[in-house]
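Given next are the chains, with one letter for each unit.
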Amino acid sequence: GKDGYRHYMEKELHEHPSVIGQTLRRMLDPATRQVVLPELPFDLATIPRITMTACGSAYYAGLVGRHWLESIARLPTDADVASELRYREPPLPEGGLGLLISQSGETADTLAALRGLHGAGQHVLSVLNVPESTMARESDAVLETVAGPEICVASTKAFTAQLCVLACLAIATGTARGTLGEERAGALTAALTDLPGRASELLTLREDIQAMAQVVAEARDVLYLGRGAAFPIALEGALKLKEISYIHAEAYAAGEMKHGPIALIDRTVPVVAIAPGGRLFEKTASNLQEAKARGARILAFTDADGAPKLLNIAEQIVVVPTVDPFVAPILHAIAVQMLAYEVALLKGTDVDQPRNLAKSVTVE
Ligand code: M6R
């Protein structure tokens, strides 16, 4: 049942801290601060290239994973939605790794892409929430998200669990390839271990997010902006808003705004910014300033470092708990999911069963 929550989505949002904890516990030893993956039938140290593919939210999780794999493990990683990858003919290196991500393990396009990757001589590693699924049976190895059953059609806790697994995969790969030193690896695992507590803190910010939702709920179109690993979180936020509130939302890499979408900006098109502190914060802030100068109402997710710098730019700020920039996308994902939920409540939509959508898309 819903355990007293109004919707499965609300219940599943509140499961974030425990799901993150359970998922990490499978792969992370808090005593040694080391990532220990299950035995894999290939060697992470010698994989020449990763081809990541998935659909919907799972694909966005993979895009964050690509940032981590490239920056931490220095491993070339290609990413594409499964419905495109299966009909592309990318040249793939001998012994490369296909990385599949799926909550259900039954998504038709992802499964077809899996078979295509196998056919092209790739090892296949899948990040799955259902260990008995078709994709689990057909993969060479599985990394499990321990999210439990996800009932709401819009994915929430499975998405953050996928991010946790991908973060651990990046750390393990970086260690295996010698691109990640022991000290930094320890700092990254410590940041992950700390996440359930930070996620619980974030869940207490509901009132701030409700205030933001009031502005979003009145809009017909909303623009989500982010840079780097925050860009896929903008994509996730926009998808979630579309799915459950039926408000048109688009996500753009913040630096792309002036190449087109800035023409849309006026007071009626709120801009939701995913702006965690870190290397790219100033760049994002200056893009927000440009949007504000054209009359946009800026609603920002940032942290305690970023908040003072956005005071004169953003109409509303949600101060997400401060964490290592490495894990910030995971917290911001929860924040944008919470925003979509609050907007849907204001709109009175069918949160758990949005129109036209199926939980598991088993036809092409
Ligand atoms: O079961 P899967 O993870 O393969 O599903 C992929 C997508 O269909 C799924 O993430 C979809 O985009 C959700 N409705 C997002 O909330």
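Above this text sits the structure in question.
These figures come from a predicted structure and were not determined experimentally.

J.: Now, about the overall build of the protein chain: what can you tell me, with residues and values included?
T.: A tally of regular secondary structure across the protein chain gives 14 helices and 12 strands. Along the first, second and third principal axes, the C-alpha atoms of the protein chain reach 55 × 45 × 45 Å. Going through the 364 residues of the protein chain one by one, you find that 58% of them count as buried. Taking contacts inside the protein chain between residues at least 6 apart in sequence as the whole, the part at least 24 apart equals 76%. With the model as given, the accessible surface of the protein chain reaches about 14,500 Å², and the carbon-plus-sulfur share is 49%. For the protein chain, the centre of its 33 positive side-chain charges and the centre of its 43 negative side-chain charges are spaced 4 Å apart.

J.: Please provide a residue-by-residue account of the sheet that holds strand 7 (residues 141-144), values included.
T.: If you trace the 5 strands from one edge of the open sheet to the other, you get 4-3-5-6-7, paired in parallel fashion. Among the strands making up the open sheet, the edge pair consists of strand 4 (77-81) and strand 7. Each strand of the sheet is rotated relative to its neighbour by a mean of 20°, with strand direction disregarded. As judged from the 5 bridges shared by strand 3 (residues 50-54) and strand 4, these two strands associate in the parallel manner. Across the sheet, the residue bridging to Met52 is Ala79, located in strand 4.

J.: So what about the side chain of Thr134? Which residues, and what values?
T.: Relative to the helices and strands, Thr134 resides in helix 6 (residues 134-138). Within the local environment of Thr134, its side chain forms a polar contact with the side chain of Glu106, the two groups lying 2.5 Å apart. If we skip the residues at most four places from it in the chain, Thr134 touches Gly105, Glu106, Leu111 and Arg115.

J.: A description of the pairing of strand 5 (residues 97-102) should follow, citing residues and the corresponding values.
T.: Along strand 5, 6 of the 6 residues are buried, which leaves the element largely enclosed by surrounding structure. Side-chain alternation along strand 5 places Leu97, Leu99 and Ile101 on one buried face and Gly98, Leu100 and Ser102 on a second face that is also buried. Summarising the sheet, strand 5 and strand 6 (residues 123-128) pair through 6 bridges and their orientation is parallel. Within strand 6, the residue paired with Ser102 across the bridge is Leu128.

J.: Describe the packing of helix 11 (residues 230-245) against helix 14 (residues 328-347), listing the residues and the values that go with them.
T.: Relative orientation of the contacting elements helix 11 and helix 14 amounts to 20°, with a least axis distance of 9 Å. Judged by the inter-axis angle, helix 11 sits roughly parallel to helix 14. The handedness of the crossing between helix 11 and helix 14 comes out as right-handed. Contacts between helix 11 and helix 14 involve Ile233, Glu236, Gly237, Lys240, Leu241, Ile244 and Ser245 from the first element and Pro329, His332, Ala333, Val336, Gln337, Ala340, Tyr341, Val343, Ala344 and Lys347 from the second. Of the residues in the contact of helix 11 with helix 14, the class split is 10 nonpolar, 4 polar and 3 charged.

J.: An account of the packing of aromatic side chains is requested, with residue identities and associated values reported.
T.: Evaluation of the coordinates by the stated rule reveals 2 aromatic pairs. Arranged with centres 5.9 Å apart and planes meeting at 50°, the rings of Tyr59 and Tyr60 form a pair that is tilted. Accessibility classification places Tyr59 together with Tyr60 in one group, the buried group. Taking NZ or CZ as reference, Arg355 lies 3.8 Å from the ring centre of Tyr246, over its face.

J.: Please provide a residue-by-residue account of the site of the ligand, values included.
T.: Neighbouring the ligand are 14 residues, the closest being Ser102, Gln103, Ser104, Thr107 and Glu243. In this structure, Ser102 approaches the ligand through a side-chain N or O atom, which is 2.6 Å from an oxygen atom. Within the backbone of Val153, a nitrogen or oxygen atom sits 3.3 Å from a nitrogen atom of the ligand. Burial of the ligand by the surrounding chains reaches 91%, relative to a free accessible area of 420 Å². Of all elements in the fold, only helix 3 (56-73) and helix 11 reach the threshold of two or more residues within the shell around the ligand. A breakdown of the residues in the shell around the ligand according to their chemical character gives 5 nonpolar, 7 polar and 2 charged.

J.: Any chance you could break down the pattern of salt bridges for me, citing the residues and the numbers?
T.: Counting across every chain of the model gives 20 salt bridges. Between Asp78 and Arg88 there is a salt bridge, with the nearest N and O atoms lying 3.3 Å from each other. Taken as a pair, Asp78 in strand 4 and Arg88 in the loop between helix 4 (82-85) and strand 5 lie far apart in primary sequence, 10 residues in all. Across the salt bridge formed by Glu290 and Lys258, the nearest N and O atoms sit 3.4 Å from each other. In this pair, Glu290 sits in helix 12 (residues 281-293) while Lys258 sits in the loop between strand 9 (248-253) and strand 10 (271-274), placing the two residues 32 residues apart along the sequence. You can call Lys258 partly exposed: its relative accessible area is 48%.

J.: Go over the environment of Ser104 with me, naming the residues and quoting the values.
T.: Note that Ser104 resides in the loop between strand 5 and helix 5 (108-119). With a relative accessible area of 12%, Ser104 lands in the buried category. Between the C-alpha atom of Ser104 and that of Gly174, which follows or precedes it by 70 residues, the distance is 28 Å. Every residue in contact with Ser104, bar those within four places of it in the chain, is listed here: Val130, Ser133 and Ser360. Of note is the side chain of Ser104, whose polar atom sits 3.1 Å from the backbone nitrogen of Glu106.

Procedures and definitions
Residues numbered from 1 in each chain as written. Predicted model: local features only at pLDDT ≥ 70, side-chain atom pairs only at ≥ 80, totals over all residues. Heavy atoms only, no water. Helix = DSSP H or I, 4+ residues; strand = E, 2+ residues; numbered from the N terminus. Buried < 20%, exposed > 50% of the residue type's maximum accessible area, 1.4 Å probe, protein only. Contact = heavy atoms within 4.5 Å. Areas by Shrake-Rupley, 256 points an atom, 1.4 Å probe, with all protein chains shown as cover. Lys, Arg positive; Asp, Glu negative; His and termini not counted. Charge placed at Lys NZ, Arg CZ, Asp CG, Glu CD. Pairing = 2+ DSSP bridges. Axes fitted to C-alpha atoms, helices over the stretch in contact; angles between N-to-C directions. Polar contact = N/O pair within 3.5 Å; in protein donor to acceptor, adjacent residues only side chain to side chain. Parallel < 35°, antiparallel > 145°, perpendicular 65-115°, else oblique. Left-handed = near helix turned anticlockwise from the far one by under 90°. Nonpolar A, V, L, I, M, F, W, Y, C, P; charged D, E, K, R; others polar. Phe/Tyr/Trp six-rings, centres within 6.5 Å; stacked < 30°, edge-to-face > 60°. Lys NZ or Arg CZ within 6 Å of the ring centre and 35° of its normal. Near = heavy atom within 4 Å. Salt bridge = Lys/Arg side-chain N within 4 Å of Asp/Glu carboxyl O.

Geometry only, nothing functional implied.
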